Amino acid sequence: MAEIVKLQSVSHLRKTMDDYFVRLKDATETGSKKIAWCTSVGPAELLYSMGFEVYFPENHGAMLGAAKVADNYIPIAVAQGYSPDICSYLTSDVGAFLANETPLQKSGLASVPKPDVLVYNTNQCGEVQDWFEYYAKHFDVPIFGIITPLKINELTETIISGVAKQIEELVPELEKISGIKFDLDKFKETTRLSHDGCVLWRQVLETAQNLPAPINFFDSAIHMGPIVVMRGTKYAVDYYKILLAELEDRIKNNIAAVPTEQIRIYWDGMPLWYKLSSMAKLFSGLDTCVVASTYCNSWVFDDLDPENPFYSAGLAYCKLFIVRSDEEKQKVLEKLMDDFSIDGIIYHDSKTCARNSNNRFGLPVRLQESTNIPYLEINGDLNDSRCFSEEQSIIAIETFIDQLKSRKQ
Amino acid sequence: MYKVGIDLGSSYTKGVLVDSSNQIIDYHLVKTGFDFNRSSKRIIDKFSENFKIDLPIYTCGYGREKLEVESVSNSEIMALAEAVYHLYNKKCSVIDIGGQDTKYIKINEIGKVDKFRMNRKCAAGTGSFLEEIAFRLDVSATEFNSFAEQATETIKINSFCTVFAVSEIVGMIKNGLTMPNIVLGIYNSILDRSFELANIDDSLILTGGIPDYHPIILKLIQKKIPNAVSPEKSQFMAAYGSVLLNTKRVN
């Protein structure tokens, strides 16, 4: 069976993430900085510029999934009145909180860091509002939300300015909580760092356009940690310079993520966090590299402009794939199919994440008609492994790869 | 010398004995149980009583890689497509209703798989659905089929879930609905789930264990798609295709 070639940057990634958790721990223990909880595509740049340490519950949810413990906690949240059909990041996170357990205990935190404020944007997910409200009530702290339109076809001035204005209106509220006066220059600087981090992250992902790809989706899903939680800081920029250099070096030396790469797959939808390594092995054993994904590409916000930080945040955070209409999504996907020389698409229909399952409104059929690229749908979930029928899915994936190989003959 | 193809399914293990001209000489079926190697060994032993068997054994299905003897494993869907194309030699659609899976396969003019889909993660609409209902109602497969033949009208079974479907059926019996009409409703619910997999726009070949044991399924499908056919011993098609995939194209 083909070996998966491990990235050397993993040790730097581990240190970058560990340091991030240490900063959260210090802020919690010393009270030196206020703590803001933020959604994954929330206004991190603004929060970092105003002196907050920023904590991301969605990242915590993914950690619970990847640590294969989410299934222990989902029933606890369900017993608390949360449906098993809603976001399993939410149910596993709330369940873990009720059990007073967290993987962060390995980083020295006694529990998740207590928030001083919670800020969400509904762009990536609407259920974050309910999720954050649970904690706002529990900790009795302020909560602020940015409501982003969905299914955006044409990205109009009204939409962009509306979201930009909502971000700007957070400033006086956040000043009251942080006790720090808003400084436009600092915001421009975090916006610049966010932009630079995003450009580097895009370049990291684009190395997989090379044949063979030096990085696959299962690596990227792990290495995207810093762009999610440290967007707007130098830590993310520093890390992606290291990762990019390694990947460029791999290309120069013809080192592939999957040495026997014959088939190149695009993955749509959420990762199966609890099966990340076994899925990586499965694909590698089938001489297949999953070279690109909707999920990892969702954290490229290179429209951020330090000279116009509020407006460009409105633009970047509404241009996000997940809030676009299927017509716009199709255009993006068509380009990715070309850029990454894709042979086949796998849509992961995630039981508890309708927003991030792009197979539900006929897109797979329309995209196949326009690109002639075959697709496969598998049913599963991001964190709730009970929704994933592994044996049936493996058979489907193996057959799909056989089908794609047979097309190439 | 004879070749053996084995399909190690979730419910049954199906074996075929194939001669050098790729004709099926014999069939054998055993319950899969908990030991894939044991169920396949029973098939190999049975064929070995009268024939000299060539290795490797050609396998497909859930337990395809669990044999202790030399074997070559294949994708069940590819095997099924190979067998169907070998028999019918034309562009067509296949619906295969097995123990746990219902599959749709689109085969193109040159016998390649253009597209396939499997049922969502749920056994409703598969053989297990029928088996569970038959068991709970204490009715055999043969009785089930003859009940449906006597139906005067069909009844809609709404529940996706097998267990809830049984509760729904018990409620229907309590309300005085007749078994023939209820059983026809059960068959139609299987067909509804199958037809959700694709809009069939060409010839349809029906395979899997269900048409073998419940021939009424084919008659019901023919009401929608008159040219639908089902090969004899349709349950053994994937096992047969496993042999063909490895021998026919090489020959």
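We now turn to the structure provided with this report. (Residues numbered from 1 in each chain as written. Chains lettered and ligands numbered in written order. Predicted model: local features only at pLDDT ≥ 70, side-chain atom pairs only at ≥ 80, totals over all residues. Heavy atoms only, no water.)

Focus on the sheet that holds strand 9 (residues 204-207) of chain B
Residues and elements named next belong to chain B. Defined as follows: Two strands qualify as a pair provided DSSP detects at least 2 bridges between them. Put simply, DSSP marks the helices as runs of H or I at least four residues long and the strands as runs of E at least two long, and each gets a number from the N terminus on. Axes, fitted as lines to C-alpha atoms, cover a helix only where it is in contact. Angles between the N-to-C directions of the axes lie from 0 to 180 degrees.
The strand order across the open sheet built from four strands is 8-7-6-9, with neighbouring strands paired in mixed fashion. Every other strand in the sheet has two partners, leaving strand 8 (113-118) and strand 9 as the edge strands with one partner each. Strand-to-strand twist across the sheet, computed as the mean angle between neighbouring axes with direction ignored, equals 15°. One ladder, built from four bridges, connects strand 6 (residues 92-97) with strand 9; its direction is parallel.

Some remarks on helix 17 (residues 363-371) of chain A
Selection criterion: Any residue under 20% of the maximum accessible area for its type is buried, any over 50% is exposed, and the rest in between are partly exposed; the area is computed with a 1.4 Å probe on protein chains only. What the arc covers is the set of directions going from the helix axis to the C-beta atoms. By definition in these notes, contact holds between two residues if any of their heavy atoms fall within 4.5 Å.
Taken together, the buried positions of helix 17 of chain A are Leu 363, Pro 364, Leu 367 and Gln 368 of chain A. In a view along the axis of helix 17 of chain A, the buried residues occupy a sector of 130°, so they form one face of it. Next to the buried residues of helix 17 of chain A lie helix 16 (326-339), strand 7 (344-350) and strand 8 (375-380) of chain A together with strand 8 of chain B. Two residues or fewer after helix 17 of chain A comes Asn 372 of chain A, characterised by a positive phi angle close to 60°.

Examining the layout of surface pockets
All names here are of chain A. We count it as follows: Only protein atoms enter the 1 Å grid used here, on which a cavity is any set of points holding a 1.4 Å probe that cannot leave and a pocket is any open set flanked by protein within 12 Å on both sides along at least five of seven lines; residues with an atom within 4 Å of a point are listed as lining. Grid points are joined across faces, edges and corners, and a volume is the space filled by probe spheres set on the points. Side-chain classes follow a simple rule in which Ala, Val, Leu, Ile, Met, Phe, Trp, Tyr, Cys and Pro form the nonpolar group, Asp, Glu, Lys and Arg form the charged group, and the remainder, Gly included, forms the polar group.
By volume, the second largest pocket is sized at about 660 Å³. Forming the boundary of the second largest pocket are 23 residues, of which Asn 297, Val 300, Asp 302, Val 332 and Leu 336 lie nearest the centre. Ranked by residues supplied to the lining of the second largest pocket, first place goes to helix 16 with five residues. Of the residues belonging to the lining of the second largest pocket, the class tally is ten nonpolar, four polar and nine charged.

Digging into the nonpolar core
Note the cut-off: Definition used in this section: a nonpolar core is a set of buried Ala, Val, Leu, Ile, Met, Phe, Trp, Tyr and Cys residues joined via side-chain atoms within 4.5 Å.
Counting 167 residues, the largest nonpolar core has Trp 201 and Ile 397 of chain A as its most contacted members. Setting aside residues no more than four positions away along its own chain, Ile 397 of chain A makes contact with Met 279, Leu 282, Phe 283, Leu 286, Ile 346, Leu 376 and Ile 378 of chain A. If you look at the next biggest cluster of nonpolar residues, it comprises 36 residues, including Ile 182, Leu 204, Ile 210 and Leu 218 of chain B.

Details of the pattern of salt bridges
Residues and elements named next belong to chain A. Quick reminder of the rule: Just to be clear on terms, a salt bridge is a Lys or Arg side-chain nitrogen sitting within 4 Å of an Asp or Glu carboxyl oxygen.
The tally for this structure, following the rule as stated, stands at 37 salt bridges over all chains. Measuring nitrogen to oxygen at the nearest pair gives 3.5 Å for the salt bridge that ties Arg 231 to Glu 45. In this pair, Arg 231 sits in the loop between helix 11 (225-229) and helix 12 (234-252) while Glu 45 sits in helix 2 (residues 44-49), placing the two residues 186 residues apart along the sequence. Looking at Arg 231, the relative accessible area reads 0%, which means it is buried.

A word on unusual backbone geometry
Of note, the bond from Leu 211 of chain A into Pro 212 of chain A is cis; its omega dihedral lies within 30 degrees of zero at 0°. Checked against the element boundaries, Pro 212 of chain A lands in the loop between helix 9 (184-206) and helix 10 (217-223). At the junction of Leu 55 of chain B and Pro 56 of chain B, the peptide bond is cis and its omega measures out at 0° in the coordinates. Its place among the elements puts Pro 56 of chain B in the loop between helix 1 (36-48) and strand 4 (57-61). Even without being a glycine, Asp 140 of chain A presents a positive backbone phi close to 55°. Overall, the relative accessible area of 69% leaves Asp 140 of chain A in the exposed class.

Observations regarding the pairing of strand 4 of chain B
All names here are of chain B. Burial runs high along strand 4: five of the five residues are buried. Neither face of strand 4 is open: one carries Ile 57, Thr 59 and Gly 61, the other Tyr 58 and Cys 60, and all of them are buried. Pairing between strand 1 (residues 3-8) and strand 4: four bridges, direction parallel. In the strand pairing of strand 4, Gly 5 is matched with Tyr 58. The sheet contact formed by strand 4 and strand 5 (residues 71-73) spans three bridges and is parallel. Bridge assignment links Thr 59 to a residue of strand 5, and that residue is Ser 73.

Some points on the state of the cysteines
What counts is decided by this rule: Cysteine sulfur atoms that pair up within 2.5 Å are treated as a disulfide.
A complete count under the given rule lists zero disulfides over all chains for this structure. Its sulfur unpaired, Cys 318 of chain A is 15 Å from the next cysteine sulfur, which belongs to Cys 38 of chain A. We classify Cys 318 of chain A as buried; its relative accessible area is 0%. Cysteine Cys 60 of chain B shares no disulfide, and the gap to the nearest cysteine sulfur, in Cys 92 of chain B, comes to 17 Å. Since its relative accessible area comes to 0%, Cys 60 of chain B is described here as buried.

Concerning the interface of chain A and chain B
How we decide: By convention, the term buried area covers the 1.4 Å-probe accessible surface removed from two parts as they join, with the contributions of both added.
With 23 residues of chain A at the interface, the matching set in chain B holds 16 residues. Taken together, the two surfaces of chain A and chain B that pack against each other cover about 1700 Å², and 51% of this comes from carbon and sulfur. Looking only at chain A, the three residues that lose the most surface to chain B are Gln 392, Ile 395 and Gln 403 of chain A, adding up to 33% of its buried area. Where chain A touches chain B, the interface holds two salt bridges.

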